[in-house]
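Survey of secondary and tertiary structure
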Amino acid sequence: MNTNKYISRRTALRIIGKSAVLSMIPFSMQGSTLSINEACSKKAFVRVCARDNKYLELTDGRPYIPIGLNFCWPPFSWDSDDEGKTLSEIDTQLRNLSKNRGNFIRIWLSAAFFEPEIKAGIYDEHIARRMDHVMETAEKYGIYVKLCFEHFRKLEGETPSHGVRGKTYDKPIYKKSNGGVCDTMEEYFSMEEGLELFVKRMEFFASRYRDNPYVFGVELWNEVNSIDDVKEDTIRKWNQTMLKKQKELFPNHLSLQSFGSFEKEGQRAEFKEYLTMEGNELSQVHRYHLPEHSWNVICGPMDITCSNAIQEVLAFSPNRPVLLAEIGVAQARYTGRSELHDFDKEGIILHDMLFAPFFAGAAGPGHCWYWDVYVQEHDLWYHFDRFAEAIKEINPIEENFVPFTINHPQLRIYGLRGNNKTILWCRDSKSDMVSELIEKKNPSIINEAEIKFGDSKYKKVKCYDPWKNKWLNGKISGMCINPPPFCRSIVIQLSVE
């Protein structure tokens, strides 16, 4: 491998000082675009907004909406041992995201391709430079990166990721018989030697990225409450300790933790404790659509699956940003991804994943799982651009949005009511991924829809059709809105002048 193409460790620590002329960061709201050079020179890190703690901003005060997806391991990399080819493919996909106004990805530092820890506590500098290269590429394209430190659930034994070949959730190098420090997961999370290993891991990455503004935030563990054979109190104490240490090592970045899919009504109390714990700066929720599930919001239309997750979390966590950090359609009991992704050549699922969470009150769109075998496979990157276009004139911090819904005989309507603007996302209630992808029914054209909004202060209305990528005229009369004909969904923007 030609290491000259990678940034050195010293360069990585000084990445904010680069001065190359690059493209613009798509922050997706009026008056908030910021050049890469400006972001670097001003150290524009992401933080929770002080003026409206439901949203995010940069440290120079500009709003930031994370438009992107999970990108946890390189697309299709398990089919190739060619490092150069894999890095080139990563570059291509990040360019595709950026071209479509995406500005966010999540990566697992523990994924096989990126994992630099070759023995317990021993790190390979050559492998670590792969992630240096990704961070340099992300900077080039104005993409902020959420870094997740760990994901394993067992010391030994295959635990496949949604049935994906070659992806396991184990860490045999930590087992004593392999030169590690423990024999069980309980020991790893409770013994001093296990704690020291994780702190050393955080310190290794902090030495490279703690001054890099293109780190969106740092996440301790993927779905930490899903680990078997560890006492609940052990996990609780570990989270408290590591969230504090994480903030010490990354003082300029959001400190985060993630938890398993919120899939049962009986989990409300558990998730309230997890998501609102001290030191966890965002309420991140994961949710997967599962067929024939006992909770109807999990197996119904995708927009309901997404919006309900946000509504549930906002009910017990109203004073911090909420993100739908993982969303996908899985087979029953998570044995693999749903075949619906294979049929969805138009991105019906992805569209609902993006729009529903934000219009339900989240700090950004939903962040899709299956980035390679779904988004990349069908070349669906343009959906990120459609979402960015729909909100390009919206500043959620200035508007101080409050989410609401409107009952309608034809539509499910999700709205954000602001100080000067209100935006609505209207979804055809008779068309969804089941009707289109399984029953093979074509969506109907919604003609002459009338929406009773109940607020006569708005004088102007314009509509955006994300399926045609066109801004269209609508009509407003008193408290009634009439959008133009549309298929599947439309966005309506109301303003006082």
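Residues numbered from 1 in each chain as written. Predicted model: local features only at pLDDT ≥ 70, side-chain atom pairs only at ≥ 80, totals over all residues. Heavy atoms only, no water.

Let's shift gears to the sheet that holds strand 24 (residues 475-477). Taken in spatial order, the 3 strands make up an open sheet running 21-25-24, and their pairing is antiparallel. Both edges of this open sheet fall to strand 21 (451-452) and strand 24, since each of them pairs with a single strand only. Strand direction decides the pairing type here: strand 21 and strand 25 (residues 480-482), joined by 2 bridges, are antiparallel. By the bridge assignment for strand 25, I451 is matched with I481. (Pairing = 2+ DSSP bridges. Helix = DSSP H or I, 4+ residues; strand = E, 2+ residues; numbered from the N terminus.)

Attention now moves to the pattern of salt bridges. Counting across every chain of the model gives 36 salt bridges. Linking R268 and E265 is a salt bridge whose minimum nitrogen-to-oxygen distance equals 3.6 Å. Judged by relative accessible area, which is 34%, R268 ranks as partly exposed. The exposure class assigned to E265 is partly exposed, which follows from its relative accessible area of 43%. Here R268 makes a salt bridge to E312, at a shortest N to O gap of 2.7 Å. (Salt bridge = Lys/Arg side-chain N within 4 Å of Asp/Glu carboxyl O. Buried < 20%, exposed > 50% of the residue type's maximum accessible area, 1.4 Å probe, protein only.)

Looking now at helix 4 (residues 125-140). For helix 4, with 16 residues, the first-to-last C-alpha span of 22 Å sits near the 22 Å given by 1.5 Å per residue. Taken together, the buried positions of helix 4 are occupied by I127, A128, R130, M131, D132, H133, V134, M135, T137, A138 and E139. N-capping of helix 4 is provided by D124, with a side-chain oxygen placed 2.8 Å from the backbone N of H126. Looking one or two residues beyond helix 4, the residue adopting positive phi is G142, at roughly 70°. (Expected span 1.5 Å × (residues − 1). Polar contact = N/O pair within 3.5 Å; in protein donor to acceptor, adjacent residues only side chain to side chain.)

Positionally, E136 belongs in helix 4. Separated by 78 residues in sequence, E136 and Y214 place their C-alpha atoms 9.1 Å apart.

It is worth spelling out the nonpolar core at this point. M131, F189, F216 and W221 are the most contacted members of the largest nonpolar core, which totals 137 residues. Discounting chain neighbours no more than four positions away, the residues touching F189 are L195, W221, V224, I227, V230, T234, I235 and W238. Counting residues in hydrophobic clusters, the runner-up holds 18 residues, among them L411, F453, I492 and L494. (Core = buried A, V, L, I, M, F, W, Y, C linked by side-chain atoms within 4.5 Å. Contact = heavy atoms within 4.5 Å.)

The axes of two packed helices give the description: the angle between them and the distance between them. The contact between helix 4 and helix 6 (residues 192-209) brings their axes to 11 Å, and the two run at 50°. Relative to helix 6, helix 4 is oriented oblique. Between helix 4 and helix 6 the crossing geometry is right-handed. Across the interface between the two elements, E125, A128, R129, M131, D132 and M135 of helix 4 pack against F204, R208 and Y209 of helix 6. (Axes fitted to C-alpha atoms, helices over the stretch in contact; angles between N-to-C directions. Parallel < 35°, antiparallel > 145°, perpendicular 65-115°, else oblique. Left-handed = near helix turned anticlockwise from the far one by under 90°.)

Right, let's talk about the packing of aromatic side chains for a bit. Summed over the entire model, instances satisfying the criterion amount to 42 aromatic pairs. Geometrically, the ring pair formed by F262 and W295 is tilted, given 5.8 Å between the ring centres and 55° between the ring planes. Of the two residues, F262 sits in the loop between strand 14 (254-256) and helix 8 (268-275) while W295 sits in the loop between strand 15 (283-289) and helix 9 (296-299), which places them 33 residues apart along the sequence. Residues F262 and W295 agree in their burial class; the two are buried. In this structure, R287 packs its charged tip against the face of F262, placed 5.3 Å from the ring centre. One Lys or Arg, R417, reaches over the ring of F404 and ends 4.8 Å from the middle of that ring. (Phe/Tyr/Trp six-rings, centres within 6.5 Å; stacked < 30°, edge-to-face > 60°. Lys NZ or Arg CZ within 6 Å of the ring centre and 35° of its normal.)

Remember, this is a structural readout, not a statement about activity or role.
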